[in-house]
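Topology and contacts: notes
The primary structure of each chain is shown beneath.
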Amino acid sequence: FSFQRPSAITEAFKLVDPKLDIAGALRKPYRGRKVNLYESIEELVEGRNNLVHTGELDLKLFDKKLNTAMNDLTEAANRAYNCIAKHYGFIPNHTYK
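Here's a quick rundown of the structure. (Residues numbered from 1 in each chain as written. Predicted model: local features only at pLDDT ≥ 70, side-chain atom pairs only at ≥ 80, totals over all residues. Heavy atoms only, no water.)

**Notes on the packing of helix α3 (residues 37-54) against helix α4 (residues 64-88)**
Convention followed: Whenever a helix is involved, its axis is fitted only over the stretch in contact; in every case the axis is a line through C-alpha atoms, and angles between N-to-C directions fall within 0 to 180 degrees. Helix and strand assignments follow DSSP, with helices taken as H or I runs no shorter than four residues and strands as E runs no shorter than two, numbered in order from the N terminus. An angle below 35 degrees is read as roughly parallel, one above 145 as roughly antiparallel, one from 65 to 115 as roughly perpendicular, and any other as oblique. For any helix crossing, the convention is left-handed if the near helix is rotated counterclockwise from the far helix by under a right angle, and right-handed if that rotation is clockwise. Here a residue-residue contact requires only that any non-hydrogen atoms of the pair lie within 4.5 Å. Side-chain classes follow a simple rule in which Ala, Val, Leu, Ile, Met, Phe, Trp, Tyr, Cys and Pro form the nonpolar group, Asp, Glu, Lys and Arg form the charged group, and the remainder, Gly included, forms the polar group.
Interhelical geometry of α3 versus α4 gives an angle of 125° and a closest axis separation of 10 Å. In terms of orientation, α3 and α4 fall into the oblique class. Note that α3 runs across α4; the crossing there is left-handed. Where α3 approaches α4, its residues Leu 37, Ser 40, Ile 41 and Leu 44 are matched on the opposing element by Ala 69, Asp 72, Leu 73, Glu 75, Ala 76 and Arg 79. Of the residues belonging to the contact of α3 with α4, the class tally is six nonpolar, one polar and three charged.

The following block contains the structure:
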């Protein structure tokens, strides 16, 4: 299974448990932005694919935008983990930092 795109991740988890809604957790508002985490990470992966497959580089992905992308990825992972923990009734352990 591919775990690059949120769409692929959510579909893979749906195979395990159709009631597990990770996409919903990623689509919730984040810091008052118009674009949710699900969409922003899909765009980030698209940019990565453009670099790998065509050599096209997003020259705007530096400093502040790169920091934002890293924070988005961390928040998305935490939301997915928290969603799984809530769904299966366990307390998430965030001491992995």
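**Quick look at the packing of helix α1 (residues 6-16) against α3**
Closest axis-to-axis distance for the α1/α3 pair is 8 Å, and the angle between their directions is 115°. Contact with α1, carried on its side by Pro 6, Ser 7 and Thr 10, involves Tyr 38, Ile 41 and Glu 42 of α3 and no other residues of that element.

**Points about the nonpolar core**
Applied cut-off: Nine residue types can take part in a nonpolar core, namely buried Ala, Val, Leu, Ile, Met, Phe, Trp, Tyr and Cys, and a core is a set of them joined through side-chain atoms within 4.5 Å. The buried label goes to any residue with under 20% of its type's maximum accessible area, the exposed label to any with over 50%, and the partly exposed label to all in between, with areas taken from a 1.4 Å probe on protein chains only.
Leu 20, Ile 22, Ala 23, Ala 25, Leu 26, Tyr 38, Ile 41, Val 45, Ala 76, Ala 80, Cys 83 and Ile 84 together form the largest nonpolar core, which totals 12 residues. Those elements that place two or more of their residues in this core are α2 (22-27), α3 and α4. Once you skip the residues sitting within four places of it in the chain, Leu 20 turns out to touch Phe 13, Lys 14, Cys 83, Ile 84, His 87 and Tyr 88.

**Things to note about α4**
To keep it simple, the criterion reads: In a helix, the anticipated span is given by 1.5 Å times the number of residues less one.
Compared with the 36 Å implied by 1.5 Å per residue over 25 residues, the 36 Å span of α4 between its first and last C-alpha is a close match. Turning to α4, its buried residues number three or more, namely Ala 69, Asp 72, Ala 76, Asn 78, Arg 79, Ala 80, Cys 83, Ile 84 and Ala 85. Here the buried face of α4 lies against α1, α2 and α3. Just beyond α4, the residue with positive phi is Gly 89, at close to 75°.

**Notes on the packing of aromatic side chains**
Heads up, the rule is: Two aromatic rings, drawn from Phe, Tyr or Trp (for Trp, its six-membered ring), form a pair once their centres lie within 6.5 Å of each other, and the interplanar angle then sorts them: stacked below 30 degrees, edge-to-face above 60, tilted otherwise. Two limits define a charge over a ring: the Lys NZ or Arg CZ must be within 6 Å of the ring centre, and within 35 degrees of the ring normal.
Per the stated rule, a full pass over the model turns up two aromatic pairs. Centre to centre, the rings of Phe 3 and Phe 13 are 6.2 Å apart; their planes meet at 75°, and the pair counts as edge-to-face. Here Phe 13 lies in helix α1 and Phe 3 lies in the segment before α1, a separation of 10 residues in the sequence. Residue Phe 3 is classed as partly exposed on the basis of its relative accessible area of 46%. Residue classification places Phe 13 among the partly exposed positions, given a relative accessible area of 25%. Taking the centre distance of 6.2 Å and the plane angle of 50° together, the rings of Tyr 81 and Phe 90 count as tilted. The side chain of Arg 27 reaches across the aromatic face of Tyr 38, ending 3.9 Å from its centre.

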